[in-house]
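For reference, the chains in residue letters:
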Amino acid sequence: MTPPRTATVDPWSFTTTPIEMFRNDIKLAIGTASFWRGNHGGLTLLTCWHNVTGTHPETGQSLSSHGGRPNRLRFYFPEQGLAGQRHTAEIALYDDDGLPIWRVHPRHRQRVDVVAIPVAGAPPPQHYLNDLPEVRLRRFVGSDVFILGHPEGIAREHLPVWKRGSLALDPDLLDDDHYLHTLVDSATRSGMSGSPVIQRQYGTILTEDSPHAHIHTGATRFFGIYSGRVSAEDQLGAHLGMIWPEAQVRTVLNEGVRDDFVG
């Protein structure tokens, strides 16, 4: 008798879920979200503003020819202890008064294309993004990062694809007035908007709190949220994607305000 197959899955893979946006019963778009332990102790979904609104955050134009605005979001959460076993959950994106339930950046609003969605009543995920151990890896232009998402909706057992990229700008070239996001060099695809971006290094590593190199079996640091390509129309273009850095994401989570978008 063949023994049951056991699989070792990286815990960071359990921090994401494919998402599907609906207008009533009509499926409009796909994307990715992350599981975050909210300040209230329960589940918060992290994803992109354009996912939940169907609208370009800078131009205000519809992202699709049909002009649909989502009012429901479907996601998947893992059964505790069982890799590959997931349940389906759906949430309304607006409350009974027709107001959005998600929170946006308190100053820049949708200019920071990240939202935090509180989820009530859902079982806890197998791993929250902010519960996993991190190492304060140093960040340099050209550093490897991984985008954990679902390109074109691709998933195996609802787990994400790890899409490798490299930081295309110096991470220090950020400020809170003009340069809110940074760029990653990676051939990303639709369905990955809302994906968490992490650094992962093996072997010799450099950390922010030490001038000396260390040996590590696998050091990880959360970097931010991916929100789409610079030029989505040109498939042979620069292959540059936008990343909203951790500092902006945490501001949305800790200081975010209810959006006033009208769906």
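Quick notes on the rules
Residues numbered from 1 in each chain as written. Predicted model: local features only at pLDDT ≥ 70, side-chain atom pairs only at ≥ 80, totals over all residues. Heavy atoms only, no water. Helix = DSSP H or I, 4+ residues; strand = E, 2+ residues; numbered from the N terminus. Buried < 20%, exposed > 50% of the residue type's maximum accessible area, 1.4 Å probe, protein only. Contact = heavy atoms within 4.5 Å. Areas by Shrake-Rupley, 256 points an atom, 1.4 Å probe, with all protein chains shown as cover. Polar contact = N/O pair within 3.5 Å; in protein donor to acceptor, adjacent residues only side chain to side chain. Phe/Tyr/Trp six-rings, centres within 6.5 Å; stacked < 30°, edge-to-face > 60°. Lys NZ or Arg CZ within 6 Å of the ring centre and 35° of its normal. Salt bridge = Lys/Arg side-chain N within 4 Å of Asp/Glu carboxyl O. Core = buried A, V, L, I, M, F, W, Y, C linked by side-chain atoms within 4.5 Å. Pairing = 2+ DSSP bridges.

Draft legend 1. How the structure looks around the overall build of the protein. Tallying secondary structure elements over the protein gives two helices and 14 strands in all. Here the protein holds 263 residues, and 48% of them are scored as buried. Long-range pairs, those at least 24 residues apart, make up 65% of the contacts in the protein with a sequence separation of at least 6. For the protein, the exposed area adds up to about 13000 Å²; of that, 51% sits on carbon and sulfur atoms.

Draft legend 2. Inspection of the side chain of Thr47 at higher detail. Secondary-structure assignment places Thr47 in strand 3 (residues 43-47). The exposure class of Thr47 is buried, given its relative accessible area of 0%. At 2.8 Å, the side chain of Thr47 forms a polar contact with the backbone oxygen of Thr32. Looking at Thr47, its side chain comes within polar contact range of the side chain of Asn51, at 2.9 Å. Contacts of Thr47, omitting those with residues within four sequence positions, involve Ile19, Thr32, Ala33, Val52, Asp113, Val114, Val115, Ile117, Ser193 and Gly194.

Draft legend 3. Region of the structure containing the packing of aromatic side chains. If you walk through the whole model with that rule in mind, you get six aromatic pairs. Ring geometry for Tyr94 against Trp102: centres 5.5 Å apart, planes inclined by 70 degrees, an arrangement best described as edge-to-face. For the pair Tyr94 and Trp102, one class covers both residues: buried. Feature note: the residues Trp49, Tyr94, Trp102 and Phe261 constitute an aromatic cluster, connected by ring pairs. Here Arg72 stacks its cationic end above the ring of Phe22, 4.9 Å away from the centre of that ring.

Draft legend 4. Examining the pattern of salt bridges more closely. For the coordinates displayed, the defined rule picks out 13 salt bridges. In this structure, Glu90 engages Arg72 in a salt bridge whose closest nitrogen and oxygen atoms are separated by 2.1 Å. Of this pair, Glu90 sits in strand 5 (residues 86-92) while Arg72 sits in strand 4 (residues 72-78), placing them 18 residues apart in sequence. Look at Glu90 and you get partly exposed, because its relative accessible area is 39%.

Draft legend 5. Looking closely at the nonpolar core. Within the largest apolar cluster, 23 residues are counted, with the highest numbers of intra-cluster contacts made by Leu45, Leu73, Phe75, Trp102 and Ile117. Within the residue set of this core, elements represented by two or more residues are strand 1 (16-23), strand 2 (26-37), strand 3, helix 1 (49-53), strand 4, strand 5 and strand 7 (115-119). Not counting the four nearest positions on each side in its chain, Leu73 is found in contact with Ile19, Glu20, Met21, Leu45, Val52, Ala89, Glu90, Ile91, Leu93 and Ile117. Residues Leu46, Val114, Ala116 and Ile198 belong to the second largest nonpolar core, which totals 19 residues.

Draft legend 6. Highlighting the pairing of strand 13 (residues 240-245). Judged by how many residues are buried, strand 13 sits mostly within the fold: five of six residues are covered. Examined bridge by bridge, strand 10 (residues 182-185) and strand 13 share four bridges and lie antiparallel to one another. Bridge pairing in strand 13 places Asp185 opposite Leu240.

Draft legend 7. View of the environment of Tyr179. Position of Tyr179 among the secondary structure elements: in the loop between strand 9 (161-167) and strand 10. Note on Tyr179: relative accessible area 53%, which makes it exposed. Apart from the residues lying within four places of it in its own chain, the contact partners of Tyr179 are Leu173 and Leu174.

Draft legend 8. Focus on the pairing of strand 2. Pairing between strand 1 and strand 2: eight bridges, direction antiparallel. When the sheet's bridge partners are listed, Ile19 is paired in strand 2 with Gly31. Linking strand 1 back to strand 2 in an antiparallel pair, the connection comprises two residues, with Asn24 at a positive phi of about 55 degrees. When strand 2 meets strand 3, the two strands line up antiparallel, connected through four bridges. Within the sheet, the bridge partner assigned to Arg37 lies in strand 3 and is Leu43. With antiparallel pairing between neighbouring strands as the criterion, strand 2 and strand 3 make up a hairpin whose turn holds five residues, including Gly41 at a positive phi of roughly 90 degrees.

Draft legend 9. How the structure looks around unusual backbone geometry. One non-glycine residue, Asn24, lies in the positive phi region at around 55 degrees. Within the secondary structure layout, Asn24 lies in the loop between strand 1 and strand 2. Despite not being glycine, Arg109 has its phi angle at roughly 50 degrees, a positive value. Structurally, Arg109 can be placed in the loop between strand 6 (103-104) and strand 7.

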